[in-house]
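Here's the letter readout for the chains.
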Amino acid sequence: MKNPIIPSLNIPVRSIFCIGRNYLEHAKEMGQQAPNEPLVFLKPLSSICYTNSKVKLPNQSKDIHHEVELVLAIGKQGKNISKETALEHVAGFGIGIDFTARDLQKKAKEKGLPWSIAKGFDNFAPIGSFTPFSSDAFPECTISVSVNGEKRQHGTTSDMIFDVPTLISFLSTIFTLEKGDLIFTGTPEGVSSVKKGDLVEACIENVESTLTVTIA
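Residues numbered from 1 in each chain as written. Predicted model: local features only at pLDDT ≥ 70, side-chain atom pairs only at ≥ 80, totals over all residues. Heavy atoms only, no water.

Chemist: Explain the sheet that holds strand S10 (residues 100-101) to me, please; I cannot follow it from the model alone.
Modeler: Pairing between sheet strands relies on hydrogen bonds along the backbone, with the strands arranged either parallel or antiparallel. The strand order across the open sheet built from three strands is S10-S7-S15, with neighbouring strands paired in antiparallel fashion. Edge positions in the open sheet fall to S10 and strand S15 (193-194), since each of these has one partner strand only. As paired strands, strand S7 (residues 64-65) and S15 are joined by two bridges and run antiparallel to one another. Residue pairing in the sheet places His 65 in a bridge with Ser 193 of S15. (Pairing = 2+ DSSP bridges. Helix = DSSP H or I, 4+ residues; strand = E, 2+ residues; numbered from the N terminus.)

Chemist: In this structure, what is going on with the packing of aromatic side chains? I would like to understand it.
Modeler: Remark: the centre distance and the inter-plane angle together describe each pair of aromatic rings, the angle taken between the planes. If you walk through the whole model with that rule in mind, you get seven aromatic pairs. Relative to Phe 138, the ring of Phe 133 lies with its centre 5.2 Å away and its plane at 45°, an arrangement referred to as tilted. Residues Phe 133 and Phe 138 agree in their burial class; the two are buried. Cluster of aromatic residues (ring-pair linked, three or more members): Phe 93, Phe 133 and Phe 138. (Phe/Tyr/Trp six-rings, centres within 6.5 Å; stacked < 30°, edge-to-face > 60°. Buried < 20%, exposed > 50% of the residue type's maximum accessible area, 1.4 Å probe, protein only.)

Chemist: Help me out: how do you make sense of the sheet that holds strand S13 (residues 150-156) in this one?
Modeler: Taken in spatial order, the five strands make up an open sheet running S6-S17-S16-S12-S13, and their pairing is mixed. Two strands lie at the open edges of the sheet, namely strand S6 (53-55) and S13, each paired on one side alone. When strand polarity is set aside, the average angle formed by the axes of neighbouring strands in this sheet is 20°. Direction of pairing for strand S12 (residues 142-147) relative to S13: antiparallel, over a ladder of six bridges. Residue pairing for S13: Val 145 is matched across the bridge by Gln 153. (Axes fitted to C-alpha atoms, helices over the stretch in contact; angles between N-to-C directions.)

Chemist: What's the story with the pattern of salt bridges in this structure? I'm lost.
Modeler: Pairs may arise between side chains of opposite charge once their charged atoms sit close together. If you walk through the whole model with that rule in mind, you get eleven salt bridges. With a shortest N-O distance of 3.5 Å, Glu 25 and Lys 28 are connected by a salt bridge. A residue pair is termed a helical-turn pair when its members lie 3 or 4 positions apart in one helix, as Glu 25 and Lys 28 do in helix H1 (residues 24-29) at three residues. A salt bridge links Glu 205 to Lys 151; the shortest N-O distance between them is 3.2 Å. Taken together, the residues Glu 205 in the loop between strand S16 (199-204) and strand S17 (209-215) and Lys 151 in strand S13 connect sequence positions 54 residues apart. On the basis of relative accessibility, which here comes to 39%, the residue Glu 205 falls in the partly exposed class. What makes Lys 151 partly exposed here is its relative accessible area of 47%. (Salt bridge = Lys/Arg side-chain N within 4 Å of Asp/Glu carboxyl O.)

Chemist: Help me understand the pairing of S12 in this model?
Modeler: Looking along a regular strand, one sees side chains alternate from face to face of the sheet. Burial of S12 is extensive: six of the six residues sit out of reach of the surface. Summarising the sheet, S12 and S16 pair through five bridges and their orientation is antiparallel. Its bridge partner lying in S16, Val 145 is registered against Ala 202.

Chemist: Just to check I follow, could you spell out helix H4 (residues 164-174) for this structure?
Modeler: For an α-helix, 3.6 residues make a turn, and residues three or four places apart therefore share a direction. Most of H4 sits inside the fold, with nine of its eleven residues counted as buried. Residues of H4 that are buried: Val 164, Pro 165, Thr 166, Leu 167, Ile 168, Ser 169, Phe 170, Leu 171 and Ser 172. Residues of H4 that are buried in the fold lie against strand S3 (16-20), strand S4 (39-43), strand S8 (68-74), strand S9 (90-97) and strand S14 (182-184). (Contact = heavy atoms within 4.5 Å.)

Chemist: Help me understand the environment of Val 213 in this model?
Modeler: Position of Val 213 among the secondary structure elements: in strand S17. By relative accessible area, Val 213 is classed as buried at 0%. Separated by 128 residues in the primary sequence, Val 213 and Thr 85 place their C-alpha atoms 35 Å from one another. Apart from residues no more than four positions distant in its own chain, Val 213 is found in contact with Tyr 50, Ser 53, Val 55, Phe 99, Pro 126, Asp 198, Leu 199 and Val 200.

Chemist: How should the nonpolar core be read in this particular structure?
Modeler: One recurring pattern in soluble globular proteins: nonpolar side chains tend to sit buried together. Counting 44 residues, the largest nonpolar core has Leu 70, Phe 93, Phe 99, Phe 138 and Ile 168 as its most contacted members. Of all the secondary structure elements, the ones that give two or more residues to this core are S3, S8, S9, S12, H4, S16 and S17. Setting aside anything within four residues of it in sequence, one finds Leu 70 in contact with Phe 93, Gly 94, Phe 138, Cys 141, Ile 143, Thr 157, Val 164, Ile 183, Phe 184, Thr 185, Gly 186 and Ile 204. (Core = buried A, V, L, I, M, F, W, Y, C linked by side-chain atoms within 4.5 Å.)

Written out as structure tokens, the structure is:
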């Protein structure tokens, strides 16, 4: 099977890096403190899907949450990238949702175990269209998500604890970043449960990047 393609950029997806607790108010609503350095976890390629997809509720969980996020697409390889040159490695950015089996995540946290199962079900990382990027300054983005027309999350990237250059630089000290890598940059407060039949709509409000999925 071929790797999924990043919409609008026509680049195959490689690795999916995700950042947890990157908005202070979200950390608070989860009963957690802000991290001292980026909190990183991974998702499998099978979690990628696109707008108008169906996200099937897994039998293993009774509490699936939406987490809207700005997603970065890496455009060229890099290792130990400086913050000053980090944006040179960004091919584009778009909207995404990190669906999370909150009950499974809670059990894993209580036992000190990884979150992979809670984050990694099929179609748990839908992505919308991407905007090509080539600049020395990353724009402030307003991201939001609605469920059945009711706005649930709304935040701006200026509220991120670790900004885009910091995330790219940090990740590159651990992993060699490759063309096609995606970085989910964290979610603002307001995460909540979804149920079968829900229509979930996410967007970057000041950029042409939208995403709509149905919960099945």
